[in-house]
Every structure is written in structure tokens, then in C-alpha cells.
Amino acid sequence: MLSDAVSALRCPVCQGLFELRDARPATLACRTGHLFDAAKQGYFNFLTGKGTAFEADTAEMVAARVRFLEAGHYAKLATGLAEMAAEAIRGPEPLVLDAGTGTGHYLRTVMDATGASAVGMDISKFALRRAARLNPGAANVVWDIWRPLPMADNSADVVTVVFAPRNPAEFARVLRPGGSLLVVTPRPGHLQEIAARTGMLGIEEGKEERLAESMSGWFDSPTSRSLDVPLVLSGSEVADLAYMGPAGHHLRQEQLSELAASDEDMDTTAKFRISVFTTS
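Quick summary incoming for the structure in this document.

What counts as what
- Residues numbered from 1 in each chain as written.
- Predicted model: local features only at pLDDT ≥ 70, side-chain atom pairs only at ≥ 80, totals over all residues.
- Heavy atoms only, no water.
- Helix = DSSP H or I, 4+ residues; strand = E, 2+ residues; numbered from the N terminus.
- Buried < 20%, exposed > 50% of the residue type's maximum accessible area, 1.4 Å probe, protein only.
- Contact = heavy atoms within 4.5 Å.
- Areas by Shrake-Rupley, 256 points an atom, 1.4 Å probe, with all protein chains shown as cover.
- Pairing = 2+ DSSP bridges.
- Core = buried A, V, L, I, M, F, W, Y, C linked by side-chain atoms within 4.5 Å.

### As for the overall build of the chain
Helices and strands together make up the secondary structure of the chain, namely 10 helices and 11 strands. Residue burial in the chain is summarised as follows: out of 280 residues, 54% are buried. Looking at the chain alone, contacts between residues at least 24 apart form 66% of all its contacts between residues at least 6 apart. Taken as a whole, the chain presents about 12800 Å² of accessible surface, with 50% of it coming from carbon and sulfur.

Now the structure itself:
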């Protein structure tokens, strides 16, 4: 499956095709001689030169995400996303791009449900270390989603984006005709019972309309599915939930420590929307 995923990748320097050399470590070699060795954890870092100004998740944020997701709190979301990805796949030998794959948690469920080859991209090398261990059959690549994607035109059947940046022009380019883009976003009221206590940002009204507008010109009007997940979380789980997302770059550690030390469970509801866009 890794070789199938590699066939969809393109060299970020010259856009050439890659050959996978199964040395230790594995190496991606393009036809003009650019080489990318796998890190010892198994991912490939395609960011060259100045890298990126985008703020990647830290090792601590990634660890919080792993603890929270491995506890199964968002299992219903992972299953729902995988089912919709399976419904969207039409042809043989499918390939899925998970843009902003993080620890690879959602991609793992999608791969299990579809049998697809996969490429996982994320800006955080700390997240990719986890993703590569969880999904060794996928091509796990450090990359900035805002840049042109190092993938061939019309190479993916499905692109999944779970709480991650969106690059509609590039998603449309790499999707095959009739391919699907699945975008997971929070709905108004998402985790509202704990947002104020943790310093997490609330969900603005009109988010769905803005998402659809940003995709227009590349994708048809979306269909969507709403998903509510009731949660009962301990203080430490609330702290992990707050710290694992974008707010984790700004939260105070003292505040999170106070939450983690709490013996009081908190009730809240995660409110998701899975939007499905098809290429125009």
C-alpha cells in the first residue's frame, strides 16, 4: 500500500515522480536525483529551504490529543467519517489524502473501512511520528497544506480534512473527476459547557455558509451530516481536550493543571458537521 501511495506523490523540488527505495531508512528518490530519507519513525519531511511560518502543534499538544482520542471519546466521529469516505469511493485501487492528518487517528479508521491506499500530510513532525507508527502503510509526509500539494493531478478519490486548514484549489486539483472532499467542522454549541472554563474559542455563526463559499468555483454545493457526541469528561480529559486543538497554542499551563487536578466530571456535547463536496 505504501508503494501505491508513493506513486501519487511528486517531488516538492522539481515535481518529478518518486521511486521508493526500501533501504534502512527508506528513501524517496525522484528521477532528477532529489532524495528524501524517512525519519526513524517512518515519515518523510518534504519541507525544504525556509520551511514554513505556520505554527505546528507541539509534542505536548500531540500527546494530549493521543490520550483523548485513544480513550475513544471521538470514536463516533471517526466511524461516521469512515462510512462517508467508503460511500464516496467509486473505482478500484482507491487513494485517500488526509490533509492535516495529525496523529493519523481518523485516517486509520478510514483505511480500515475502505481498504484504500493513503497519504497523510501534517505540518507537525511530532504528530507525524505518531501517525507513521499508527499507519505504516500510508505515506506520511510533513507538509504545509497552504502550499501546492506534492501530489499528482487526479490522484486521489477522497480528501479528508478534520479540523485542519483547507486549500480548495489544490484539493480540487489532486482529486479525480467525481472525487469527494470530506470536511469536518464544529457546529454552534460545540463543547459550549466547557469552552468558557478552558479558554477555548466559541463557534461563530455562519461558519457553514463561509465554508461553502470558500469552496465555490472548485466544488459543487455540499451535502452534510450533523453528528452529536455526548461526553462525560474528567478534569484531566477536559484539560487534554482544550490543549490538543488550536487553543493549545495560547492556553496557560497553570489553568490546564488546575483543570486536570479537578475531581469533578463535566458533561458536554461535541457537535460536528461532516460536509461532502464533489468536484465541479
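Having seen the model, we can carry on.
### Some words on the pairing of strand 2 (residues 27-30)
Neither face of strand 2 is left uncovered, since the one carrying T27 and A29 and the one carrying L28 and C30 both have all their residues buried. In sequence, strand 1 (residues 18-21) turns back onto strand 2 through a hairpin of five residues. The pairing of strand 2 with strand 3 (residues 35-37) spans three bridges and is classified as antiparallel. Paired with L28 across the bridge in strand 3 is F36.

### Re the nonpolar core
Counting 45 residues, the largest nonpolar core has M151 and L181 as its most contacted members. Sequence-distant contacts of L181, that is, excluding residues within four places in its chain, are made with V159, V161, F171, L175, M215, F219, S275, V276 and F277. Counting 40 residues, the second largest nonpolar core, distinct from the first, contains L77, A82, L233 and V276.

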